[in-house]
Structure formats: structure tokens, C-alpha cells
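Structural description and commentary
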Amino acid sequence: MMDAPICDQISCPLPAEWNGAIAFLDRDGVINIGKAGYINKPEELVLLEGSAEAISSLRHAGYRIAVVTNQSAISKGLWDESRLKQIHSTLRLMLLEIDEDAHVDLIMTCPHSDGEGCNCRKPQPGMLFEASQIIRGKSHSSLNWWGHKPKPINELDLVVGDRKSDMGAGWAIGARLFRVNEHNGLSEVIDRIIDGEDGDDFNPVN
């Protein structure tokens, strides 16, 4: 049986009443600068400018934060889950050093490579479904990811990513979709999110 995605959950305070929605954020190219050949150790993490403040803004707007990231280096044997936890622990600390409200509730990681047939590697929506189940405390049936955009789990749910695979996973759960340039990251779209713009940066039918 294939391993499930790796979950790293922390109980975080909310600076505002939860609006019932989740912001699903990709990691590399959205929160931190991506690197060819993976982020292999905590020392290689460099936050994108404004990412901590943007996460704080989301939390002040009432969102829970779930980071959903593909990291096939684990499947390839380049490093293990212990190294992943070190990287993510450092990421959390770096965010909070900049803004005390830049908490991340949950980090879901797909450790698999392309071709392994898992349902968690984006553009598959498995990590998003599982994150939603953990945060909301209830399960969701699978949704059709082709054709018309599915009815969202929550009308305010959103996905921010820098790749088509991020958008595909978000489309499959009916989320608002915000695609960013990997050099700008989350800060590029935070005003659009907070202002309530639709967020329709992807359509797999077109």
C-alpha cells in the first residue's frame, strides 16, 4: 500500500474569528524561493518578500492556513521525513520571526514521484481533501476534476500556487484560484484575495 501524504499539524491561535475557509498554499515559489534540485536543508530556505505578512493578513481575514507541497526527493531517497520536518520547523520559525501572526496550521507533503499513481501529488487533490478533513473535522467525497468547476467545499476556499499542478488540485475542490510568479509569491495576490476578487486564474477546459 502506498504511503499517505505526510502531515505536520500545529494548533495555532487565530487573530480573528474563523470564517470557515482554508487558504491552501503551495510552498516553493509561493512562501519561499524555490531551488532547482529541491530545498535540501533548512539553511537553504529563503522567504519570498512579503510572504509572512501575507499569511498574517490571511489569518486576520479569518482563514486557516494549509501548506500543500510536492516533495519527491523523499521517494527518490535524497533525504527522509526527518529532514522534511527540520525544513518545515525552520520555515514556521522564519515566518513568525517576521510576523507573530504568520502561523501555519497544517503542512501536507506528498513524498511521491510522478508515475507512482498516488492521489496526493498535485494536480491530484488528495492533500487538499485530507487537509480539509483534518482542519474541519469531517470527510468529503471525491469531486470530478474535469469539465465544469466543482461546487466548492467552502465558497471562500482558495489555492495559491506558481504551477499548473497547483491550479489543477485547487480546481478539483472548487476553490478560488490564484496563480503567482515564482519570484513574487503570495504577496503578488494578497490584495486580490482580501478584496474578494473571484480568483479564477485557471481553467483546465481551455
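The notes below deal with the structure included here. Chains are numbered independently. Their residues run from 1 in the order of the written sequence. Owing to the predicted nature of the model, reporting of local features is limited to residues with pLDDT of at least 70; listing and counting of side-chain atom pairs is limited to 80 or more, with chain, interface and lining totals taken over all residues. Where side-chain values are given, they derive from all heavy atoms of the structure, hydrogens and water being excluded.

This part covers helix H4 (residues 164-172). Throughout, exposure labels follow a simple rule: accessible area from a 1.4 Å probe, protein chains only, divided by the maximum for the residue type, with under 20% read as buried, over 50% as exposed, and the rest as partly exposed. Each helix is a run of DSSP H or I of at least 4 residues and each strand a run of E of at least 2, with the numbering of both proceeding from the N terminus. H4 sits mainly inside the fold: seven of its nine residues count as buried. When H4 is considered as a whole, its buried residues turn out to be Asp 166, Met 167, Gly 168, Ala 169, Gly 170, Trp 171 and Ala 172. Contacts between residues were defined by any pair of non-hydrogen atoms, one from each residue, lying within 4.5 Å. Summarising the contacts, the buried residues of H4 are in contact with helix H3 (126-136), strand E5 (158-161) and strand E6 (176-179). At the C-terminal side of H4, Gly 174 shows a positive phi close to 75°.

Let us look at the environment of Leu 186. Mapped onto the secondary structure, Leu 186 falls in the loop between E6 and helix H5 (190-195). Each C-alpha atom, one on Leu 186 and one on Ala 175, is 16 Å from the other, the two residues being 11 residues apart in sequence. Apart from the residues within four sequence positions on either side, Leu 186 is in contact with Leu 25, Val 30, Ser 51, Ala 54, Ile 55, Leu 58, Val 160 and Ile 193.

For this analysis, a ring pair means two rings from Phe, Tyr or Trp (six-membered ring only for Trp) whose centres lie within 6.5 Å, classed as stacked if their planes differ by under 30 degrees, edge-to-face if by over 60, and tilted for the remaining angles. Within the structure shown, the criterion is met by one aromatic pair. On the numbers, 6.4 Å between centres and 85° between planes, the contact of Trp 171 with Phe 202 is edge-to-face. In this pair, Trp 171 is assigned in helix H4 and Phe 202 in the segment after H5, connecting sequence segments 31 residues apart. Residue classification places Trp 171 among the buried residues on the basis of a relative accessible area of 5%. Of the residues examined, Phe 202 reaches a relative accessible area of 11% and is grouped as buried. The rule is short: NZ of Lys or CZ of Arg within 6 Å of the ring centre and within 35 degrees of the ring normal puts a charge over the ring. If you follow Arg 64 out to its NZ or CZ, it ends over the ring of Trp 18, 5.4 Å from the centre.

Let us look at the nonpolar core. Nine residue types can take part in a nonpolar core, namely buried Ala, Val, Leu, Ile, Met, Phe, Trp, Tyr and Cys, and a core is a set of them joined through side-chain atoms within 4.5 Å. Counting 35 residues, the largest nonpolar core has Leu 25, Ile 31, Ile 55, Leu 58, Leu 95, Val 160 and Leu 186 as the members making the most contacts within it. If near-sequence neighbours (up to four positions away) are discounted, Leu 58 is found in contact with Ala 23, Leu 25, Tyr 63, Ile 65, Leu 186, Ile 190 and Ile 193. If you look at the next biggest cluster of nonpolar residues, it comprises 22 residues, including Met 108, Cys 118, Val 159 and Trp 171.

A separate point is the pattern of salt bridges. Side chains that carry opposite charge are capable of pairing whenever their charged atoms lie near each other. Here, a salt bridge means any side-chain nitrogen of Lys or Arg that lies within 4 Å of a carboxyl oxygen of Asp or Glu. Counted according to the given criterion, the structure contains 11 salt bridges. Put simply, Lys 122 and Asp 26 hold a salt bridge, and the shortest N to O gap is 2.9 Å. With Lys 122 in the loop between strand E4 (106-110) and H3 and Asp 26 in the loop between strand E2 (22-25) and helix H1 (51-60), this residue pair connects regions lying 96 residues apart in the sequence. Taking the shortest distance from any N to any O, the salt bridge between Glu 44 and Lys 35 comes out at 3.7 Å. Look at Lys 35 and you get partly exposed, because its relative accessible area is 40%. Each of Asp 26, Lys 122 and Asp 166 takes part in a single network of salt bridges with overlapping partners.

Don't take any of this as a statement about function, it's just geometry.
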